[in-house]
Amino acid sequence: LMVSNVGDPRSAGGEGWPWVDKIDPARACDPDLLGDASVPLPTFLHYCQRYEHTAKPPYDESAWIFSKYQVPDAILQCPAGEENLEDGAPPRKKAGRLRMRLDDAGFLPEPPTTVDAHLLSGGSGRAKLRNMFSFCAATRLTNLAARDYRRWFCARRSKGK
């Protein structure tokens, strides 16, 4: 029921990749796929690997990977004009070379919803499909979690403050 390692078949034994392998490659990044009950999918994506967007999206060369260690802390910052209702500030990563960037709204850039199925074919097509599915799912679910965080822990400041 879980997927994690897209490449090594020895360590991926028993994972739910056979379900992902059956996805129509054109739907690998379709946001509606995750809620489509007619397509059986793994129920858990273990974000312990680096997942690549095969098509190298047009938005920024630095944004074509997903790694939980590369997600900028700023994704949990309240937007301007709002205050954090939590005690304390979100934890900070040590300064380093972050390859993932946030868009102007403070979220990870959304991947394109359509994929050229030709990009996911060939000798390494299965690994490309797994990477694409994982990248898109991880990016969208991380953004969803950040939106929920902001909805729960950020509040509009009143004009008097």
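Right above here is the structure, for reference.
An account of the accompanying structure is given in this report. (Residues numbered from 1 in each chain as written. Predicted model: local features only at pLDDT ≥ 70, side-chain atom pairs only at ≥ 80, totals over all residues. Heavy atoms only, no water.)

### Concerning the state of the cysteines
Disulfides are covalent bonds that connect the sulfur atoms of two cysteines.
Working step 1: Enumeration over the complete set of coordinates arrives at two disulfides.
Working step 2: Covalent S-S linkage joins Cys29 and Cys136, the inter-sulfur distance amounting to 1.8 Å. On the sign convention where negative means left-handed, the S-S torsion of about -95° between Cys29 and Cys136 marks this disulfide as left-handed. Of this pair, Cys29 sits in the loop between helix 1 (17–21) and strand 2 (44–45) while Cys136 is found in helix 2 (residues 125–153), placing the two residues 107 residues apart along the sequence.
Working step 3: We classify Cys136 as buried; its relative accessible area is 2%.
Working step 4: Each disulfide pairs two cysteine sulfurs, and for Cys78 the partner residue is Cys154, the sulfurs being separated by 2.1 Å. Residues Cys78 and Cys154 share a disulfide whose torsion about the S-S bond is about -85°; that sign makes it left-handed. Of this pair, Cys78 sits in the loop between strand 4 (65–66) and strand 5 (82–84) while Cys154 sits in strand 6 (residues 154–156), and the two are 76 residues apart along the sequence. Across this residue pair, the class does not change: Cys78 and Cys154 are buried.
Working step 5: Each disulfide of the chain joins two cysteines, and with those cysteines numbered along the sequence the arrangement is 1-3, 2-4. (Disulfide = S-S within 2.5 Å. Helix = DSSP H or I, 4+ residues; strand = E, 2+ residues; numbered from the N terminus. Buried < 20%, exposed > 50% of the residue type's maximum accessible area, 1.4 Å probe, protein only.)

### Description of the packing of aromatic side chains
Working step 1: A full pass over the atoms with the stated rule returns two aromatic pairs.
Working step 2: Both rings, one in Tyr47 and one in Phe66, keep their centres 5.5 Å apart while their planes meet at 80°; by these two values the pair is edge-to-face. Placement of the pair is Tyr47 in the loop between strand 2 and strand 3 (51–52) and Phe66 in strand 4, with a sequence separation of 19 residues.
Working step 3: Looking at Tyr47, the relative accessible area reads 22%, which means it is partly exposed. (Phe/Tyr/Trp six-rings, centres within 6.5 Å; stacked < 30°, edge-to-face > 60°.)

### Section: the pattern of salt bridges
Working step 1: Counted according to the given criterion, the structure contains five salt bridges.
Working step 2: In this structure, the salt-bridge partner of Asp30 is Arg27, at a minimum N-O distance of 3.0 Å. (Salt bridge = Lys/Arg side-chain N within 4 Å of Asp/Glu carboxyl O.)

### Points about the layout of surface pockets
Working step 1: Estimated volume of the second largest pocket: approximately 170 Å³.
Working step 2: Surrounding the second largest pocket, 14 residues form its lining, Leu34, Leu41, Pro42, Thr43 and Phe133 being those nearest its centre.
Working step 3: Put simply, the parts of the chain that give the lining of the second largest pocket at least two residues each are strand 2 and helix 2.
Working step 4: The leading source of residues in the lining of the second largest pocket is helix 2, at three residues.
Working step 5: Its residues placed into classes, the lining of the second largest pocket shows 12 nonpolar, one polar and one charged. (1 Å grid on protein atoms, 1.4 Å probe; cavity = no way out; pocket = protein on both sides within 12 Å on 5 of 7 lines; lining within 4 Å. Points joined across faces, edges and corners; volume = space filled by probe spheres on them. Nonpolar A, V, L, I, M, F, W, Y, C, P; charged D, E, K, R; others polar.)

### Focus: the environment of Arg150
Working step 1: Inspection of the secondary structure assignment puts Arg150 in helix 2.
Working step 2: Along the backbone, Arg150 and Glu83 are 67 residues apart, and their C-alpha atoms lie at a distance of 9.7 Å.
Working step 3: Once you skip the residues sitting within four places of it in the chain, Arg150 turns out to touch Ala74, Ile75, Gln77, Pro79, Ala105, Gly106 and Phe107.
Working step 4: Within polar-contact distance, the side chain of Arg150 engages the backbone oxygen of Ala105 at 3.0 Å.
Working step 5: Of the polar contacts made by the side chain of Arg150, one reaches the backbone oxygen of Gly106; its length is 3.0 Å. (Contact = heavy atoms within 4.5 Å. Polar contact = N/O pair within 3.5 Å; in protein donor to acceptor, adjacent residues only side chain to side chain.)

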